[in-house]
Structures are given as structure tokens and as C-alpha cells.
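Chain by chain, the residues run as shown.
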Amino acid sequence: MTAPSPECDLVHDLVFDNVHIALQGRTLLALDARIAPGEVLTVMGPSGSGKSTLLAFAAGFLSPAFESAGRVLLDGHDITALPAERRGIGLLFQDPLLFPHLSVAGNLRFGLPRATPDKAARIEAALAAIGLAGFGERDPATLSGGQQSRVALMRLLLSAPSAVLLDEPFSKLDTALRHEMRELVFSRLREAGLPSLLVTHDHQDAAAASGRIITLE
């Protein structure tokens, strides 16, 4: 499949520079890592080990109840103090989180930068790229779980992020759909050259990501 032109010629990397996160004086996690363009770094661990806390820190919405130190660098720029909407990071969650009041095309249009030319053609090409040509006017509620997940992925890619955070994105899919969506998500992230952080407790997710694995106790 041909991507609907996220800026693949740009090289992005995501760095966690001596990051420490604690709660009430107890260290939850420490991470010092660089994620290269197109690489997926997987962080695994049981519930309560700090996986989602790490995502919240990287995305810019960590609760003030936590104490944090260290920096998040994106393309060499320190984004640690920036608000979430200015970080240039895309997120993919367990649920597709499509807007119910918008059509499928409307959801994709929401992801496009405001100045994008010929949005209708971009959306048509995007739908074709994920096997949903002609679905633009459909209500998201009429789509299957796998179709909704594909739309959520394409909306993220159309927003042209510089890095991606993946929060157990396959956990609510059945076995066959998990395999399909793993292949789709990881191949598209590699094609777009996006450094990505996956948090999961599923070893098959980690194996499909084909990158380094960090295990939190």
C-alpha cells in the first residue's frame, strides 16, 4: 500500500534522556533510550509497573501527582515542557476513539493539517490505502472493529506526527484482527520513518514490533 504522503523524507528520532518517574517518593521507572527513525521500542510490564505513566510523560499529560526528571527530545529539540498539542507526537490507543458525530471522511479530515491542499483527494487516497475506498460517508458506528482501527491509524498518519506512542492498541481485537492490525500498523510506521514507543503486556505485540524490548518489573 502507498501511504498518503506523510513526510517520509524527513528523519525523526525520539530520545528519553535520563528519565525518572516516581510516585510518593517511590521510583516507578527509569529510562535512557533513543528510538531511531522507523524503530518501535517496546516497553512491557504488568499493570501498575509504569507503562502508561511513561506514555503520559512523553505525551505531555502526566498527572502532577507524579514526580519526574529527565528530558524528552524529538528531532533534537527538548519538548519536555511543551503542552501536549505542540509536541508533534501522535497517539494510538486501545479504542479507536473516532468522533461519532463525524463521518469516516470527517474523521480523516480532522487529522489533516489545516493548510493541506485538495483534502478530498487526500482522504480518498487514504481510504483506498487501508482498503476502505468508498467508505467516506459512512457513520463510524457502522464499521467493524478492525475497520475503525484502520481509520484511527490513518487519521494519525494524516496528522503528520514526528513520533508515535502506542498504548496497547491491539488488546481489544480478536486474534485474527490482531495479526492483521499489527502488520498494518508496524509496516506503516516503518514506511513513514516514525520513531514509536509501544507499551503492552502481550509478547506477540512485542515480537511483531521487531524492535528492542524493555521490561519493567
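A quick note: this is a predicted structure, and the numbers were derived from the prediction, not measured. (Residues numbered from 1 in each chain as written. Predicted model: local features only at pLDDT ≥ 70, side-chain atom pairs only at ≥ 80, totals over all residues. Heavy atoms only, no water.)

A. The arrangement of the packing of aromatic side chains in detail. Counted according to the given criterion, the structure contains two aromatic pairs. Aromatic side chains F99 and F110 sit 4.7 Å apart centroid to centroid with 65 degrees between the ring planes, which places their arrangement in the edge-to-face category. With F99 in the loop between β6 (89-92) and α2 (104-111) and F110 in helix α2, the pair connects residues that are eleven residues apart, well separated along the chain. Assessed through its relative accessible area of 25%, F99 is described here as partly exposed. Summarising the aromatic geometry, the rings of F170 and F186 are spaced 5.6 Å apart at their centres and angled 75 degrees between planes, so their arrangement reads as edge-to-face. (Phe/Tyr/Trp six-rings, centres within 6.5 Å; stacked < 30°, edge-to-face > 60°. Helix = DSSP H or I, 4+ residues; strand = E, 2+ residues; numbered from the N terminus. Buried < 20%, exposed > 50% of the residue type's maximum accessible area, 1.4 Å probe, protein only.)

B. Fine view of unusual backbone geometry. Non-glycine residue A160 carries a positive phi angle of around 55 degrees. With respect to the element layout, A160 can be found in the loop between α4 (145-158) and β7 (163-167). On the basis of relative accessible area, A160 is assigned to the partly exposed category, the value being 38%. Of note, S210 is a non-glycine position whose phi angle comes to about 60 degrees, a positive value. Tracing the chain through its elements places S210 in the loop between α6 (203-209) and β9 (213-215).

C. Quick look at the nonpolar core. If you look at the biggest cluster of nonpolar residues, it comprises 35 residues, and the most contacted ones within it are L108, V151, M154, L166, V185 and F186. Contributing elements (two or more residues each) for this core: α2, α3 (119-129), α4, β7 and α5 (175-192). Sort the elements by how many residues they give to this core and α4 lands first, with seven residues. Setting aside residues up to four positions removed in sequence, L166 forms contacts with L55, L92, V185, F186, L189, S196, L197, L198 and V199. In terms of nonpolar packing, the next biggest core, distinct from the first, is built from 26 residues, V19, L31, A33 and V199 among them. (Core = buried A, V, L, I, M, F, W, Y, C linked by side-chain atoms within 4.5 Å. Contact = heavy atoms within 4.5 Å.)

D. Molecular detail of the packing of α2 against α4. Following both chains from N to C, one finds α2 and α4 inclined at 30 degrees, their axes separated by 7 Å at the closest point. Considering the angle they form, α2 stands roughly parallel to α4. Between α2 and α4 lies a crossing whose hand is right-handed. Where α2 abuts α4, its residues V104, N107, L108 and G111 lie against V151, M154, R155 and L158. In terms of residue class, the contact of α2 with α4 is made up of five nonpolar, two polar and one charged. (Axes fitted to C-alpha atoms, helices over the stretch in contact; angles between N-to-C directions. Parallel < 35°, antiparallel > 145°, perpendicular 65-115°, else oblique. Left-handed = near helix turned anticlockwise from the far one by under 90°. Nonpolar A, V, L, I, M, F, W, Y, C, P; charged D, E, K, R; others polar.)

E. Inspection of α3 at higher detail. Here α3 has its buried residues at I123, A126, L127 and A129. An end-on view of α3 places all buried positions within 160 degrees of arc, on one side of the element. Buried-residue contacts for α3 involve α2, α4 and α5. Remark: G131 follows α3 within two positions and exhibits a positive phi of approximately 75 degrees. (Arc of directions from axis to C-beta.)

F. Expanded view of the pattern of salt bridges. Tallying each qualifying case throughout the model produces nine salt bridges. R212 is the partner of E39 in a salt bridge, and the nearest nitrogen-oxygen pair spans 2.7 Å. Here R212 lies in the loop between α6 and β9 and E39 lies in the loop between β2 (26-35) and β3 (40-44), a separation of 173 residues in the sequence. A single salt-bridge network, built from bridges that share partners, covers R178, R182, D202 and D205. (Salt bridge = Lys/Arg side-chain N within 4 Å of Asp/Glu carboxyl O.)

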